[in-house]
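Fold and geometry: a report
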Amino acid sequence: MGVVAWLKSLFVLQLLIGFVFVVSGLIINFIQLCTCVLWPFNKQLYRKINTRLSYSLWSQLVMLLEWWSGTECTLYTDQATVDMFGKEHVIIILNHNYEIDFLCGWTMCERYGILGSSKVLAKHELLKVPLIGWTWYFLEIVFCKRRWEEDRETVFSGLNRLRDYPEYMWFLLYCEGTRFTEKKHQISMQVAESKGLPKLKYHLLPRTKGFTTTLQCLKGTVKAVYDVTLNFKDKQNPTLLGIVNGKKYKADMSVRRFPVEEIPDDEKECADWLHKLYQEKDALQEHYEKEGCFPGPTIIPKRRVWTLLNFLFWATLLLSPLINFAWDVFVSGSPLLIIGFMIFLIVASVAVRRLIGVTEVKKTGSSYGNIEAKKEN
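What counts and how
- Residues numbered from 1 in each chain as written.
- Predicted model: local features only at pLDDT ≥ 70, side-chain atom pairs only at ≥ 80, totals over all residues.
- Heavy atoms only, no water.
- Buried < 20%, exposed > 50% of the residue type's maximum accessible area, 1.4 Å probe, protein only.
- Helix = DSSP H or I, 4+ residues; strand = E, 2+ residues; numbered from the N terminus.
- Pairing = 2+ DSSP bridges.
- Polar contact = N/O pair within 3.5 Å; in protein donor to acceptor, adjacent residues only side chain to side chain.
- Contact = heavy atoms within 4.5 Å.
- UniProt positions renumbered as here; feature names shortened; annotations may be inferred.
- 1 Å grid on protein atoms, 1.4 Å probe; cavity = no way out; pocket = protein on both sides within 12 Å on 5 of 7 lines; lining within 4 Å.
- Points joined across faces, edges and corners; volume = space filled by probe spheres on them.
- Nonpolar A, V, L, I, M, F, W, Y, C, P; charged D, E, K, R; others polar.
- Salt bridge = Lys/Arg side-chain N within 4 Å of Asp/Glu carboxyl O.
- Axes fitted to C-alpha atoms, helices over the stretch in contact; angles between N-to-C directions.
- Parallel < 35°, antiparallel > 145°, perpendicular 65-115°, else oblique.
- Left-handed = near helix turned anticlockwise from the far one by under 90°.

**A short note on the pairing of strand E1 (residues 72–76)**
Of all five residues in E1, four are buried, a share of seventy percent or more. As paired strands, E1 and strand E7 (residues 250–259) are joined by five bridges and run parallel to one another. Of the residues in E7, the one forming a bridge with tyrosine 76 is serine 254. In the sheet, E1 pairs with strand E8 (residues 298–299) via two bridges, with the strands oriented antiparallel.

Structure (structure tokens):
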């Protein structure tokens, strides 16, 4: 193990990074709360400010991927598609197989200047997650409980509200509804068989309602759908904890652009189009399994220095007083102060670990197999 790799594995450094993220996030959330007074008077100004505030938080996670772990991201697509990145409102369809798939999506958002305005159709439970859910709330993220009768009004109103969004946005959809596991895949393919749909090998059966509704509500705003299929070299199984430990991964992303004019307006035909798309995604993954890469030309977009500079700004602002305080505590010789500070460190480490736990596959819930969920699909 080299010196740099050893330093990255040190718990104290990881804790300091977590401290910067959590405290800066709380500061950003407070500023976002203050900006709410702008909404009745200038909604677009509120949105532009919050886009930049969220960038300041999300880019710290992107910094971990790009600069701390040195993870590489290669696009398999044509130059004409890349030329449209960051220049139009789009819907992103991404496979949900990995703990850091969202982070790979964010690094592409960052490199093309739309990280702060990226959107997602998120499960309602994430609204309660500190920092992440709170920041998303101020960003007008659409939350759903994955029960259509309860979600209908919320989803429609949330999506319609985004029609006049002033910044170009990439709206992420995990059409599979939950992260891929072997157990979920078996249940999903049972549903596919009962509905007479082709079985998939590398994906769960897509839930079409979210896609058709999003496309319907954002038609006229969204110009294209980007189908993104993600995989990793050497059958790596990346985790956010691995990123924090400085482990390097090699991500490959196949990107295909579909103008919305090519997607049927009729809900059933649109759903059929999505099912066909997932069959094609499955074929792409089969190709990757055999060849170790996706078909087509490759493009490696350069990482930008802004994520690193943003983190260094927050680290300089927050770590200097923390280190001075820690020094004063220990030189004071007061057992009460030292014990109190140690308790603070333990609580901070637990909090950071729980935030990381949100991404872990084994801790993600699923409604697959529930009778009610099957009725909703």
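**Looking at the side chain of asparagine 50**
Tracing the sequence through the fold places asparagine 50 in helix H3 (residues 43–68). At 2.9 Å, the side chain of asparagine 50 and the backbone oxygen of tyrosine 46 are in polar contact. Discounting chain neighbours no more than four positions away, the residues touching asparagine 50 are Gln32, Thr35, Phe138 and Leu139.

**Some words on the UniProt feature "transmembrane region" (unreviewed entry) in the protein chain**
UniProt feature "transmembrane region" (unreviewed entry): in the numbering of this structure it lies at residues 12–39, 308–327 and 333–352. In residues 12–39, helix accounts for 86% and strand for 0%; the two terminal C-alpha atoms are 41 Å from one another. Within residues 308–327, the helical portion is 100% and the strand portion 0%, while the C-alpha atoms at the span's ends are 27 Å from each other.

**Quick look at empty space enclosed by the protein**
Scanning the entire structure with this criterion turns up one cavity of 30 Å³ or more. Its volume calculated, the largest cavity comes out at about 30 Å³. Lining the largest cavity are Leu197, Pro198, Leu200, Leu205, Pro206, His275, Tyr278 and Gln279. Looking at the lining of the largest cavity, its residues break down into six nonpolar, two polar and no charged.

**Quick look at the pattern of salt bridges**
Scanning all chains against the criterion turns up 22 salt bridges. In this structure, lysine 43 engages aspartate 164 in a salt bridge whose closest nitrogen and oxygen atoms are separated by 3.2 Å. On the criterion of sequence distance, the pair formed by lysine 43 in helix H3 and aspartate 164 in the loop between helix H7 (148–161) and strand E5 (170–173) is long-range, its members being 121 residues apart. Aspartate 164 gets classed as partly exposed once you look at its relative accessible area, which sits at 35%. Two residues, aspartate 252 and lysine 233, come together in a salt bridge whose shortest N-O distance is 3.2 Å. With aspartate 252 in strand E7 and lysine 233 in the loop between strand E6 (224–232) and helix H10 (240–244), the pair connects residues that are 19 residues apart, well separated along the chain. What you see here is one network of salt bridges that share partners, running through Lys43, Arg47, Glu140, Arg161 and Asp164.

**Brief notes about the sheet that holds E6**
Taken in spatial order, the eight strands of this open sheet run E4-E3-E5-E2-E6-E7-E1-E8, and their pairing is mixed. Every interior strand has two partners, whereas the edge strands, strand E4 (142–144) and E8, have only one. Examined bridge by bridge, strand E2 (residues 90–94) and E5 share four bridges and lie parallel to one another. Note that in E5 the partner of isoleucine 91 across the bridge is phenylalanine 171. Docked against the sheet, helix H9 (residues 208–218) engages E2, strand E3 (119–123), E5 and E6, running at close to 160° with respect to E5. Its contacts with the sheet put helix H11 (residues 267–291) on E2, E6 and E7, and the angle it makes with E6 is roughly 30°.

**Remarks on the packing of H7 against H9**
Close contact between H7 and H9 brings their axes to 9 Å; oriented N to C, the two are set at 30°. Between H7 and H9, the interaxial angle falls into the category roughly parallel. The two elements H7 and H9 cross, and the hand of that crossing is right-handed. Mapping the contact onto sequence places Trp148, Val155, Phe156, Leu159 and Asn160 in H7 and Lys209, Thr213, Thr214, Gln216, Cys217 and Leu218 in H9. In the contact of H7 with H9, the residues fall into six nonpolar, four polar and one charged.

**Some thoughts on the pairing of E5**
Neither face of E5 is open: one carries Trp170 and Leu172, the other Phe171 and Leu173, and all of them are buried. In this sheet, E5 lies alongside E3 in parallel orientation, the contact comprising two bridges. Bridged to lysine 119 within E5 is phenylalanine 171.

**A closer look at the UniProt feature "domain: Phospholipid/glycerol acyltransferase" (unreviewed entry) in the protein chain**
UniProt records the feature "domain: Phospholipid/glycerol acyltransferase" (unreviewed entry) at residues 90–212, using the numbering of this structure. Overall, residues 90–212 shows 41% helix and 14% strand. The separation of its end C-alpha atoms is 14 Å.

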